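Now for the letters of each chain:
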Amino acid sequence: MTKTILRGRFVVSDPALLPEAGIVEDAGVLVAGDTVEAVGPFEALARANADAAVLGSDRHMVIPGLINAHHHGRGLAAIRLGVLDDTLERWMLDWFAQAPLDVYLDTLHANLRMIRSGVTTVIHSGYARTPHAIEAETRAALAAYVDAGLRVAYAVGFEDRLWPVHDEDGRFLASLPAELAERTRTTFAPASAGDVDEYFALMDHLREDYGGEALVTLLCSPSWPIWCSDAFLERVAMEARRRGLGIHTHALESPLERAWYERCRGESAVVQLHNLGLLGPKTSLAHGTWLSEDDIALVAATGTSVCHNASSNLRLHNGIAPVARMLAAGVNLGIGMDSYTLNGEDDMLEEMRLVAALHRQPTGAPFSAHPQSGDVLRMATVGGARASAIEARLGTLLAGSAADAVLIDFAALSHPYLDPRVSPIDGLIALARPKHVDTVMIAGKLVLEKGRFRGVDEAGIEAQLAAVAARGPDSAHQAFAALIDELKPHIARYYETWALEPAPASFYQVNRRR
């Protein structure tokens, strides 16, 4: 079996032990096949494995592959397709009405950019971009992951009561002119029992077809509980347990979502999911921006993970998730990019830097607790690994770990000067850019070497994707976009009647007098 040694001035072997331990200096990672065989002093590993190829040097840092814990496979940024930032509920409708892109090309474009920033695993939250195309689009996206060599936990999304607003009793439809109400009802017709059966049959077909793909794991995904009936959610819990699958869903992302639960259910989404049997160690919740203290305690007690999406939350008016409080409570946290980062580039290193900076409040003694660099790297590795429900041992570089690793050019990162008192983890979080990512290995295979992709024409993919986008929307999407434009003033009036106070106890007090 071919063996490789990944050499580094610093090797981050176990982010769970940071900051006290978990880093080995002047070390190497011995890779055999798709697995880490040993970690130790480089000279000793090299002597004992004289035939092993050596990648890296004493100018490099070796870290476990980063895990993007929530994404939608959208490579072209929304603004490039004419969709500007807005409140989530209004923005989402424009997002759905985007010009249809080639799912394979768009996902592959996103994958290559993620790899450039050190991502080796993605939790992909799958939406069908075109109605009734869930199977074709899922297969196209999975093909993009396989061809990129990127590990994926693919959450196959489905919902059985999608509406243009948060509405359970038909109040919104009743407020519309009769003809507009009928077109809206037809366009957003709820799924039938047969559709639900087909969804679980599709899950079985996908498991059969991709069972041999080592880099593909399938998850069940009730896309957003607010779009799902209790009956469907309960069935997801049952079917996922029967198949041994993980669950990934959105939860308490926006203030309007929180308000809907207060108005219509009198309980939070977390309580709903728990009562229906969906919470647990194989379940991850995207966002969790509006979790209460009780929600946080319940998530921690059940071993459920939360995938934090800092950029997306800021851009879509959703607020700042109580990450410091969740960490203190023992909640497992991952970091996701949601296909909507601040720079629009699917740059995981930049997203980690934002997480490190965002939760620093000007309160406390002298200031509130906030995630340190070690916390952020843990979230982006072992935290995301647990959230993914992937059985392979991800997020560490220890004997038996999956050989998912990233070589960072630490000397270039440190140029022109880095004080030796700065820890390598602080330096990584504060300064690393995609240009410092030298090599990326996934399951023992090099997908990026010396900044170049192996076997993938990145420029060609971008050109093909641009050509598809330039065609503009087809007639079906044009009609949907026209309907959305017609509904927008009615949606604005509908939400104006919502009483968003009293808000839950505030976790953040930026620019607020005590």
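Structure: above.
This text gives an overview of the structure that appears in the document. Every value quoted in this text rests on a predicted model; they were computed, and no experiment measured them. (Residues numbered from 1 in each chain as written. Predicted model: local features only at pLDDT ≥ 70, side-chain atom pairs only at ≥ 80, totals over all residues. Heavy atoms only, no water.)

### A short note on the overall build of the protein chain
Thought 1: For the protein chain, the count of helices and strands is 19 helices and 17 strands.
Thought 2: The C-alpha radius of gyration computed for the protein chain amounts to 23 Å, which stays within 12% of the reference 24 Å derived for 514 residues, consistent with globular compactness.
Thought 3: In the protein chain, the share of contacts with a sequence separation of at least 24, taken over all contacts with a separation of at least 6, comes to 77%.
Thought 4: Taken as a whole, the protein chain presents about 20,900 Å² of accessible surface, with 53% of it coming from carbon and sulfur.
Thought 5: Averaging the positions of the 46 positive and the 64 negative side-chain charges in the protein chain gives two centres separated by 4 Å. (Helix = DSSP H or I, 4+ residues; strand = E, 2+ residues; numbered from the N terminus. Rg over C-alpha atoms; globule rule 2.2 N^0.38 Å. Contact = heavy atoms within 4.5 Å. Areas by Shrake-Rupley, 256 points an atom, 1.4 Å probe, with all protein chains shown as cover. Lys, Arg positive; Asp, Glu negative; His and termini not counted. Charge placed at Lys NZ, Arg CZ, Asp CG, Glu CD.)

### Things to note about the packing of helix H7 (residues 193-210) against helix H8 (residues 230-243)
Thought 1: Close contact between H7 and H8 brings their axes to 12 Å; oriented N to C, the two are set at 20°. In terms of orientation, H7 lies roughly parallel with respect to H8. Crossing angle aside, the handedness with which H7 passes H8 is right-handed. Contacts between H7 and H8 involve Val196, Asp197, Tyr199, Phe200, Asp204 and Arg207 from the first element and Phe232, Arg235, Val236, Glu239 and Arg243 from the second. (Axes fitted to C-alpha atoms, helices over the stretch in contact; angles between N-to-C directions. Parallel < 35°, antiparallel > 145°, perpendicular 65-115°, else oblique. Left-handed = near helix turned anticlockwise from the far one by under 90°.)

### Details of the environment of Tyr199
Thought 1: Tracing the chain through its elements places Tyr199 in helix H7.
Thought 2: Along the chain, Tyr199 and Glu159 lie 40 residues apart, while their C-alpha atoms are 9.8 Å from each other.
Thought 3: The contact partners of Tyr199, leaving out residues within four places of it in the chain, are Ile134, Val156, Gly157, Phe158, Cys220, Ser221 and Phe232.
Thought 4: Only 2.6 Å separates the side chain of Tyr199 from the backbone oxygen of Val156, close enough to count as a polar contact. (Polar contact = N/O pair within 3.5 Å; in protein donor to acceptor, adjacent residues only side chain to side chain.)

### Some points on the environment of Ala269
Thought 1: Note on placement: Ala269 falls in helix H10 (residues 269-275).
Thought 2: According to the relative accessible area criterion, Ala269 is buried, its value standing at 0%.
Thought 3: Placed 68 residues apart in sequence, Ala269 and Ala201 show a C-alpha to C-alpha distance of 27 Å.
Thought 4: Other than its neighbours up to four places away in sequence, Ala269 contacts Leu252, Glu257 and Tyr261. (Buried < 20%, exposed > 50% of the residue type's maximum accessible area, 1.4 Å probe, protein only.)

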